[in-house]
Amino acid sequence: MSAPTNIACVKYWGKRSIALNTPINSSVSVTLDQADLKAVTTVTVSKTFKKDRLWLNGVEEDVTKSKRFIACVTGVKNLATEKLDSSGEVLVDKSEWKDYGVHVSSMNTFPTAAGLASSAAGYAALVACLAEVFGAIETYPGELSTIARQGSGSACRSLYGGFVAWRMGSDNDTGADSLAEQVFDENHWPKLKAIILVVSDEKKDTSSTEGMSTSVSTSKLLGYRAKEVVEGRMRGIEKAYGEKDFESFGMITMQDSNQFHATCLDTYPPIFYMNDISKSIIKLIHTYNKWKGKIAAAYTFDAGPNAVIYHLEEEGEELLALMLMYFPDDKFLGSLVGSEYVNNEE
Ligand code: DP6
């Protein structure tokens, strides 16, 4: 099965509980199309497997102590149902699944850990795949996303297509209400597109998890953002997306990206995810918007220097030409937003 990546418009940055992987603020993202950026995952289960194993892009990773991986496997096994054969005979009783080991092979079609949310696609595909194998059934909507969240926060949003909110929740004992919700499906705004500009495919030097932890303990701006800013932006951007109002959508997206990077700079010691090329892209987009006389393109940057530029279909060619003229050495991935998400044909 495969799952796509998602790019947040209102960012998640900061954990309320490290153990539960719950956030200090809600966030919202657009799930990209499967065409370019996805994780393709295969899961095999057997009683004869002595331990759980994972191969990432063909290289085995030791998951025996990985709390994230174990949380996903155990979480899905807890929702498992019995497996029947074609005549209705019970092949595996649900209580037996716990004795099954899992072998997972996962490939990313894009740079791992370069700030293109590879962990989001990876853990979403893992949970979707495990759920299929174990016949897992949610006891309430979004329950599987609470499991993916424990793999990687942003992964909870990749289980759905379209415009997806991760509601921070308030349950600090179980994290059961910190879950993803599809606000608008993948067919709502077909004209919305994204261009991905891979400025660097090197692994980032400060992981999101580590960066968030330092930001939470040192940045006052981050606390202010979580308490005073994010909820208003969530309401504003949901309204904009619902009304297909690109200017408001784009403005909030750019402001939120800028504030996230400002909190990184306010972290002590500071974290720099954007580089000089990223900053030139920001300048170029503002110049482009001025020339158009409206917000016609909106950038956003996650924990890395790579840019995602949201725009409407009609500006696609012009923007691509502009990017190629100014950044001829960088690799573009034109990517549709929408149509497919978790795909069980691969
Ligand atoms: C900047 O989801 O990778 O992309 O929960 O520690 O795995 P962990 O973090 P992760 O952080 C993503 C941060 C972000 C913003 C976002 O996607 O909302």
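Residues numbered from 1 in each chain as written. Predicted model: local features only at pLDDT ≥ 70, side-chain atom pairs only at ≥ 80, totals over all residues. Heavy atoms only, no water.

**Notes on the site of the ligand**
To be explicit about the condition: Only a single heavy atom is needed: when it lies within 4 Å of a molecule or strand, its residue is near that molecule or strand. Within 3.5 Å is the distance limit for a polar contact, defined as a pair of N or O atoms, with the added protein rule that one can donate a hydrogen and the other accept it, and that residues adjacent in sequence qualify only through two side-chain atoms. Each accessible area is a Shrake-Rupley result for a 1.4 Å probe, and residues are judged covered by the shown protein chains and nothing else. Note on conventions: DSSP H or I runs of at least 4 residues are helices, E runs of at least 2 residues are strands, and numbering of each starts at the N terminus.
Of all residues adjacent to the ligand, which total 18 residues, the nearest are Tyr12, Lys15, Ser152, Gly153 and Ser154. For the ligand, an oxygen atom lies 2.7 Å from a polar atom in the backbone of Gly153. A distance of 2.6 Å separates an oxygen atom of the ligand from a polar atom in the side chain of Ser154. Look at the ligand: alone it shows 460 Å² of surface, and the protein chains cover 95% of it. Considering every element that reaches the shell around the ligand, the biggest residue donor is helix 4 (residues 208-218), with three residues.

**Topic: the domain arrangement of the protein chain**
It is common to report an interface's size as the accessible area lost on association of the parts. Spelled out, the test is: Domain borders in the structure are assigned automatically or taken from a domain database. Residue contacts follow a heavy-atom distance rule, with two residues in contact if any of their heavy atoms lie within 4.5 Å. Two parts placed together each lose some accessible area under a 1.4 Å probe, and adding up what both lose gives the buried area. Salt bridges are defined by distance alone: a side-chain nitrogen of Lys or Arg within 4 Å of a carboxyl oxygen of Asp or Glu. Any residue outside Ala, Val, Leu, Ile, Met, Phe, Trp, Tyr, Cys, Pro, Asp, Glu, Lys and Arg is labelled polar, Gly included; the first ten of those are nonpolar and the last four are charged.
Split into domains, the protein chain comes out as domain 1 (2-184) and domain 2 (192-332). Counting from both sides, the interface comprises 29 residues of domain 1 and, opposite them, 44 residues of domain 2. Interface area, domain 1 with domain 2, both sides summed: about 2,900 Å², of which 71% is carbon and sulfur. Lys11 serves as the salt-bridge partner of Asp302, at 2.6 Å between the closest nitrogen and oxygen. Our count for the contact surface shared by domain 1 and domain 2 stands at eight residue pairs in polar contact (both at pLDDT 80 or more). The leading source of residues in the side of domain 1 that touches domain 2 is strand 2 (residues 6-10), at four residues. Classifying every residue of the side of domain 1 that touches domain 2 by side-chain character gives 19 nonpolar, six polar and four charged.

**Brief notes about the pairing of strand 14 (residues 192-198)**
Going by this rule: Each residue is placed in one exposure class: buried if its accessible area under a 1.4 Å probe, protein chains only, is under 20% of its type's maximum, exposed if it is over 50%, and partly exposed if it falls in between. Pairing between two strands requires that DSSP report at least two bridges joining them.
Counting buried positions along strand 14 gives seven out of seven residues, so the element sits mostly inside the fold. Where strand 14 lies against strand 16 (residues 307-312), six bridges are found, and the strand directions are antiparallel. Counted as the bridge partner of Ile195 is Ile309 from strand 16.

**Some remarks on helix 3 (residues 143-151)**
The element helix 3 is extensively covered by neighbouring structure, given that eight of its nine residues are classed as buried. Residues Glu143, Leu144, Ser145, Thr146, Ile147, Ala148, Arg149 and Gly151 constitute the buried set of helix 3. Where helix 3 is buried, its residues touch strand 4 (22-23), helix 1 (67-78), helix 2 (118-134), strand 12 (163-167) and strand 13 (179-184).

**Some thoughts on the pairing of strand 6 (residues 38-46)**
The pairing of strand 1 (residues 2-4) with strand 6 spans three bridges and is antiparallel. Across the sheet, residue Ala3 finds its bridge partner in strand 6, namely Ala39. Both strand 6 and strand 11 (residues 101-108) contribute to a ladder of eight bridges, which runs antiparallel. Paired with Thr41 across the two strands is Ser106, which belongs to strand 11.

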